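# Chain and residue survey
Read off the chains here:
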Amino acid sequence: MDYAIQQLLNALSFGAEYALIAVGLAIVFSIMGLVNFAHGEVIAFGGYSMAVVGTILTGNPLVLMAGVLIACVAVSLLLERVAFRTVRNADITTGLLTAFGVSIILQNLYLLLGSPRPISATQFIFLDRTLMLGPIHVSSLQIYETVTTIAAILFLTLFLKRSHLGIAMRAASRDFQMVRLCGIRANRVVATAFAISGLLAGLACIFIMARRGSVTPHMGFDPVLTAFIACVLGGFGSLPGAVLGGFILGFLEVGVLVLLPQTAGGLAQAAVFLVVALLLFWRPDGILTPAAEKGDKL
Amino acid sequence: MTGVFLNTDQKRGLIGSTLLAILILLIVGAYALWGESYQARILYATFVNLIVVIGLQTFMGNGNYATFSHAAFMGIAAYAAAICVTPAAMKAVSLPDAPWGLNAFEMHPISAAFVALAITGAIGALTGLFMSRLTNVSITIVSIAILVIVHSIFLHRTDIFKGNQALFGIPRVFGLGHVTALVILAIVAARLFRESRLGLRLRAVADDEVGARAMGVNVVRARLVAWIVSTLFFATAGIAYAFYLGTISARPFYFNYVFLTVAMLILGGLRSVTGAVFGTLLISLGLEIIRWLETGPTLVGVKLPEMLGLSGLLLGIVIVGVMAFRPHGLMGNREIEDLVFRRRKTMETSK
């Protein structure tokens, strides 16, 4: 029983992390059709800025958290301005390959300016403590992660449903031209999408740093790849789909780790992707495909 | 049916591939006349990359999808060919724990190559069942998943693949001549595929999927066949790689190689075989110049890890720059014969 609850919490926290990243990918895709391969590098940028601020200025975790969030939002907006604005009206493959190129550039910049080896930044480790809830040991980080993700998704939903800009963003995901004709600036809508994406990447970065305690050029790659799979599984561009896909991936991963024998641990990711491939065979467009993809916006 | 007679585009395709073949032969000839022996290796690697990039063009270029799994198929073929062709006595040393009697037989290189092609083609067909049904973005993501799955299997089954260690003792049966022949074959095959009925359908799907469907194009089948054909190109490249180097490991068949080959295709232009050839030659030349600069006396204090970062950085800049300023690459929709002979005005398409 303890074991089952423990694994359930594991699955929830994994799923929460993937959902956070996947929503960041989906919101940019739904607005401008960009598959943002550079998302993982935004997360890594958060890690590097934490390492730099942490050694030069202050070790205060609250300041550092704010710093990570600001850094991720800033770099996300910068990438939009510098790289993605030129391909805004291009087809999906052009945007995708641009993002792919940006991701290579950033990774190699981290290699050149930073180091291929991990740089330690341990200020967030304190988030990860073992708590006793009755007879069960739980990690406080997992609880923070799940709660933060749920709160972030609630705030995002509220923003998209209630605020002026949020409604414009939802409209833009259906028909950008129409939104512009209504007198809303395209740049503001796109920039907001990138800012939200960067903010979610920053949150994910804080939790990843709390778990790892060090930053490497490729640290964003694995979680973002899984988040991409989550987006595809949920239906690319659908925000509920991204959340659903993220949690499915979290549960699948924990399930595979529990079921597979210890010796096959290296194949866990492969097994998860294989299950997803089978799910996609059943539903090639993902589980919650937005209706727009099926006809009106081709 | 017009089985024997080629239509105008296909005839132009033959002319174009002949021109490209002459270009390849000129390069090899220049090497034979003035080249130094260490350059044979560089030229061989370039030609292996060229086969991969041409293979990428058949699916990624004609269909306008971004796929990143080619290094995985190349790896599968390289390992399959290597395990088949290595003498049993050598495998007793290099693969002592291999299951299923993999270390107890040996084959002629030709039959080993065909076994490797068949295995890779079969895996291509199996993955193609998924890939051909997916939509644009999902194809990219699932192709990355394939790359990760295959790589983790290479790393995990050290008893068969040796993981990051080298699988050594493969007979070095290929030379520059073999790979030159394969490159020319690949160019002709890719060009004929592009101008074939299937290639035309695939390009139509890339331009307007709904329109192509409405005209009766079986999109799933067009994608499936193109996907399998492209895996066969990757398999050929993988076999040529293993048969020349004599040792292989899992490390080269991963993301760095994917970056390199995708950048080559993008620079030249996704839509034409000529673009694939030019892009590969230009980037290979560029990387050699960078390496030469880095070892040269003009640049001081550049260490090895930084060197890796620098060439990667330039590849990324090439991709972003081409996408921003010339989204269809150097060649766009043109092939080499369009530069030499003008296409008749009626043939001109609006795009």
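Residues numbered from 1 in each chain as written. Chains lettered and ligands numbered in written order. Predicted model: local features only at pLDDT ≥ 70, side-chain atom pairs only at ≥ 80, totals over all residues.

### A word on the overall build of chain A
Threshold: Secondary structure elements follow DSSP: runs of H or I of four or more residues count as helices, runs of E of two or more count as strands, with numbering from the N terminus. Between the two quantities, the radius of gyration covers C-alpha atoms and the globule rule is 2.2 Å times the number of residues to the power 0.38. Comment: burial labels come from other C-beta atoms within 10 Å of the residue's own C-beta, placed from the backbone, where a count of 20 or more is buried, 12 or fewer is exposed, and between is partly exposed.
Assigned secondary structure in chain A consists of eleven helices and four strands. Rg of the C-alpha trace for chain A: 19 Å, near the compact-globule value of 19 Å for 298 residues, within the 12% margin. The dimensions of chain A, computed from C-alpha atoms along their principal axes, are 60 × 50 × 35 Å. Counting the 298 residues in chain A, one finds 52% classified as buried.

### Quick notes on the interface of chain A and chain B
Many authors give the size of an interface as the accessible area that is lost as the parts come together. Defined as follows: Each residue is represented by a C-beta atom placed from its backbone, and any two residues with such atoms within 7 Å are regarded as in contact. Residue polarity is assigned by list, with Asp, Glu, Lys and Arg as charged and Ala, Val, Leu, Ile, Met, Phe, Trp, Tyr, Cys and Pro as nonpolar; anything else, Gly included, falls into the polar class.
On the side of chain B, 40 residues touch chain A, which itself brings 38 residues to the contact. Counting residues per element, the ones that place at least two in the side of chain A that touches chain B are helix H4 (92-113), helix H9 (221-234) and helix H11 (268-282) of chain A. The element that contributes the greatest number of residues to the side of chain A that touches chain B is H4 of chain A, accounting for 15 residues. Taken together, the residues of the side of chain A that touches chain B sort by class into 29 nonpolar, eight polar and one charged.

### Quick look at the confidence of the model for chain B
Residue and element names in this part refer to chain B. Counted only if it meets this: A residue's pLDDT is the predictor's confidence in that residue, given on a scale from 0 to 100.
Summary statistics for chain B give a mean pLDDT of 80 and a share of 90% for residues scoring 70 or more. Looking across chain B, the model is least confident in helix H4 (residues 88-94), with a mean pLDDT of 71, and most confident in helix H11 (residues 219-245), with 89. The low-confidence segment residues 302-306 (pLDDT under 50) makes five contacts with residues lying over four places distant or belonging to another chain. Across residues 346-351, confidence stays below pLDDT 50; counting only partners more than four residues off in sequence or on other chains, it has three contacts. At the level of chain-chain contacts, confidence expressed as ipTM amounts to 0.76, with global pTM at 0.80.

### Considering the packing of helix H10 (residues 239-259) of chain A against H11 of chain A
Residue and element names in this part refer to chain A. Quick reminder of the rule: Every angle, taken between N-to-C directions, lies between 0 and 180 degrees, and every axis is a line fitted to C-alpha atoms, over only the stretch in contact when it is a helix. Angles are sorted into four bins: roughly parallel if under 35 degrees, roughly antiparallel if over 145, roughly perpendicular if 65 to 115, and oblique for all others. By convention the crossing between two helices is left-handed if the near helix lies anticlockwise of the far one by an angle smaller than a right angle, and right-handed if it lies clockwise.
Two numbers describe how H10 lies on H11: the axes approach to 9 Å, and their chain directions differ by 130°. With respect to H11, the element H10 is oriented oblique. Viewed along their axes, H10 and H11 form a crossing whose handedness is right-handed. Contact residues: Leu249, Leu252, Glu253, Val256 and Leu257 in H10; Ala268, Ala271, Val272 and Val275 in H11.

### Brief notes about the environment of Leu200 of chain B
Residue and element names in this part refer to chain B. Mapped onto the secondary structure, Leu200 falls in helix H9 (residues 197-207). With 18 C-beta atoms packed within 10 Å, Leu200 lands in the partly exposed category. Taking the C-alpha atoms as reference points, Leu200 and Ala88, separated by 112 residues in sequence, lie 46 Å from one another.

### Here's the deal with the pairing of strand S2 (residues 130-133) of chain A
All names here are of chain A. Under the convention used in this document: DSSP calls a pair of strands paired once it identifies at least 2 bridges connecting them.
Relative to strand S3 (residues 136-139), S2 runs antiparallel, the two sharing four bridges. Within the sheet, the bridge partner assigned to Leu133 lies in S3 and is Ile136. In textbook terms, the turn of a hairpin is the stretch between consecutive antiparallel strands, and for S2 and S3 this stretch comprises two residues, one of which, Gly134, has a positive phi near 60°.

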